[in-house]
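A structural walkthrough
Each chain, written out:
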Amino acid sequence: MRLPNFSVLGWALAIASLVAVLPFLLLCAYWHPVGTHAVDWISNWGGRYEGFSYWGQQLDWYRTTMGRYTSTALLSTTHYWYSLPVARCLFAALHLLLGGAIYYCVSGAFRTGVRTHVVITLAVLALYVSNLSNPYDSLYRLTGLLIYQTGLVATLLLAGLLCRGRIGWAAVAVVFAVGTNEISLVQCGGLLIGLVAYRPKFLLRSDSRILWVAALIAASVALAAPGNWVRAELYQTSTHSLPESLALVLATGLFTWLSWLSSTALLPLVLLGSSALPRVTLSQRNFFILGSGTLLLPFVSFAPVLLATRGESFPKGIADWQIIPVALLLAVLVASRPRYALSVWQSALLVLLFALVSTLGRTSIDRRRDGAVRSSWERIVLTAPPGRAWQQLLSGQSAAYSESVQRQYWQIDRCGQSVCRVSPLNAQTDNYLYDASYDRRIGTEGDRWFGSLGNRSGVTVVSQHSD
């Protein structure tokens, strides 16, 4: 966001945003796969697809499970390239790629200098990570990244390409995005419909037909998959009626908006943007179209998942990343309104408020006297995800978790039995790199495929404390 002459306040906003984003990149150095579904893809589903060609595997997924042809194609490569160092680098690269996609979209909407685009990009990323309800689900779950984050990246690239009028590449982006997940399919459709409403003459362009044909074919392939019906049968036991599911969509969208407005730095950024963002020209008609799309985006995005599963499934990561397109749309809307003059001191206070809310929001002290002895460091309770991420890094918690997983690999490699009982993980409940709900090692039956990570395929791994 361009403050006067890209002043000290502009740099302060960039630094505050970078401080919020950086720990999540650093945490990638301690990542390890957790059962469902990372180990499944790494082990090639326990060798289930050993006799299949790569394309044969895609056809099987399409027929039996779902029509997400892009994300399935990406995930099916996992057992070819997986090693722990490669996976950690890939996670960091995907997070950087998200930043690059936001930057590309921002630079298409705001025709200003590179530094302004960088600040806006960092601010949007900081807003995103400070809003995370489950950082593991959003940032460190293998399937979440290759299904939902790649879809978001492709959709953002599509928006940036359309801003630049690059229709040929936009057709490639829409085919990729539509095949990642249903939310991206709906958002791409909304983006194209919104483009026609925003600029009706777009339909008269001869090359626009390429884009529409590509989008329609991609959507037809994704939606017509026989596997979609097989997957839908998993939720036939749900007692939700259609009216109840629609009410759930409405309630979820309203709750998400209230959460963004009340517990994130979204409002301070909007106020700051009203003074600092480069100007964008929008007619009243187009302002209404863009504003309506911004308001409805969470509702429309949540609908495919909640309706298809009858309210039985709603990963937290799906809700988390919706704030990114909403923030970008709000930026354009705010930039189109008359500039609201803020003094340097008012701008400075907003930057400070953004930094505090995004990194140290709702910090408290644990004053309990019961339980184990806690150090002064351990008594600091950081609720904002960036602050907690820094705490996990600096306290050594992430390193201790990584060492405990490495110990399990060592034990599995030297295990001479069909069932390996390994030492428990050093993984506290607030560890962003781990989520017990995905970990089959702590169940009584153990993880049948985790042994492949310790060169012992076919060995069932059970954490000792699961007895």
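A brief look at the structure comes next. Here the structure is a predicted model, which is why all the values come from computation and not from measurement.

1. Remarks on the pairing of strand β4 (residues 460-463)
Residues in a regular strand point their side chains to alternate faces of the sheet. Here β4 shows no split at all, with Thr460 and Val462 on one side and Val461 and Ser463 on the other all buried. Pairing of strand β3 (residues 419-422) with β4, which is carried by four bridges, proceeds in the parallel orientation. Within β4, the residue paired with Val419 across the bridge is Thr460.

2. Considering the state of the cysteines
Considering all chains together, one arrives at one disulfide under this definition. Between the sulfur atoms of Cys415 and its disulfide partner Cys420 the distance amounts to 2.1 Å. Taking the sign of the S-S torsion, -110 degrees for the link of Cys415 and Cys420, the bridge is left-handed. Both residues of the pair, Cys415 and Cys420, belong to the buried class. Here Cys188 is not disulfide-linked; the sulfur of Cys105 is the nearest cysteine sulfur, at 12 Å. Assessed through its relative accessible area of 1%, Cys188 is described here as buried.

3. Quick notes on the side chain of Ser336
Along the polypeptide, Ser336 turns up in the loop between α19 (323-335) and α20 (344-360). Excluding residues that lie within four positions of it along the chain, Ser336 makes contacts with Val280, Leu282 and Phe287.

4. Description of the packing of helix α10 (residues 142-164) against helix α11 (residues 167-178)
Where α10 contacts α11, the two axes come as close as 9 Å, and the packing angle between them is 160 degrees. The angle between α10 and α11 falls in the class roughly antiparallel. Seen from above, α10 lies across α11 with left-handed handedness. Here α10 contributes Thr150, Gly151, Ala154, Thr155, Leu158, Leu161 and Leu162 to the contact with α11, which in turn contributes Ile167, Trp169, Ala170, Ala173, Val174, Phe176 and Ala177.

5. Points about the pattern of salt bridges
Tallied over the entire structure, the rule returns eight salt bridges. Residues Arg68 and Glu182 are paired through a salt bridge, measuring 2.8 Å at the closest nitrogen-oxygen approach. Of this pair, Arg68 sits in the loop between α4 (54-64) and α5 (69-75) while Glu182 is found in helix α12 (residues 182-198), placing the two residues 114 residues apart along the sequence. When the shortest N-O distance is used, the salt bridge between Arg441 and Asp439 registers 2.8 Å. We note that Arg441, like Asp439, is buried. In the salt-bridge network here, residues are joined through shared partners; they are Asp40, Arg440 and Asp447.

6. What about the nonpolar core?
In summary, soluble globular proteins display a tendency toward joint burial of nonpolar side chains. Counting 105 residues, the largest nonpolar core has Leu98, Ile102, Phe110, Tyr128, Tyr140, Leu156 and Ile324 as its most contacted members. With 11 residues, α19 is the single largest residue contributor to this core. Setting aside residues no more than four positions away along its own chain, Leu156 makes contact with Leu98, Ala101, Ile102, Cys105, Ile324 and Leu328. With 24 residues, the next largest nonpolar core counts Leu158, Leu192, Ala215 and Ala219 among its residues.

7. Details of the packing of α12 against helix α17 (residues 284-308)
Axis separation between α12 and α17 bottoms out at 10 Å; the angle between their running directions is 165 degrees. Comparing the axis directions of α12 and α17 gives the class roughly antiparallel. The interaxial crossing formed by α12 with α17 has right-handed handedness. Residues Glu182, Ile183, Val186, Gln187, Ala197 and Tyr198 of α12 form the contact with α17, whose participating residues are Arg285, Asn286, Ile289, Leu297, Val300, Ser301, Pro304 and Val305. Looking at the contact of α12 with α17 residue by residue, the classes come out as nine nonpolar, three polar and two charged.

Criteria and thresholds
Residues numbered from 1 in each chain as written. Predicted model: local features only at pLDDT ≥ 70, side-chain atom pairs only at ≥ 80, totals over all residues. Heavy atoms only, no water. Buried < 20%, exposed > 50% of the residue type's maximum accessible area, 1.4 Å probe, protein only. Helix = DSSP H or I, 4+ residues; strand = E, 2+ residues; numbered from the N terminus. Pairing = 2+ DSSP bridges. Disulfide = S-S within 2.5 Å. Contact = heavy atoms within 4.5 Å. Axes fitted to C-alpha atoms, helices over the stretch in contact; angles between N-to-C directions. Parallel < 35°, antiparallel > 145°, perpendicular 65-115°, else oblique. Left-handed = near helix turned anticlockwise from the far one by under 90°. Salt bridge = Lys/Arg side-chain N within 4 Å of Asp/Glu carboxyl O. Core = buried A, V, L, I, M, F, W, Y, C linked by side-chain atoms within 4.5 Å. Nonpolar A, V, L, I, M, F, W, Y, C, P; charged D, E, K, R; others polar.

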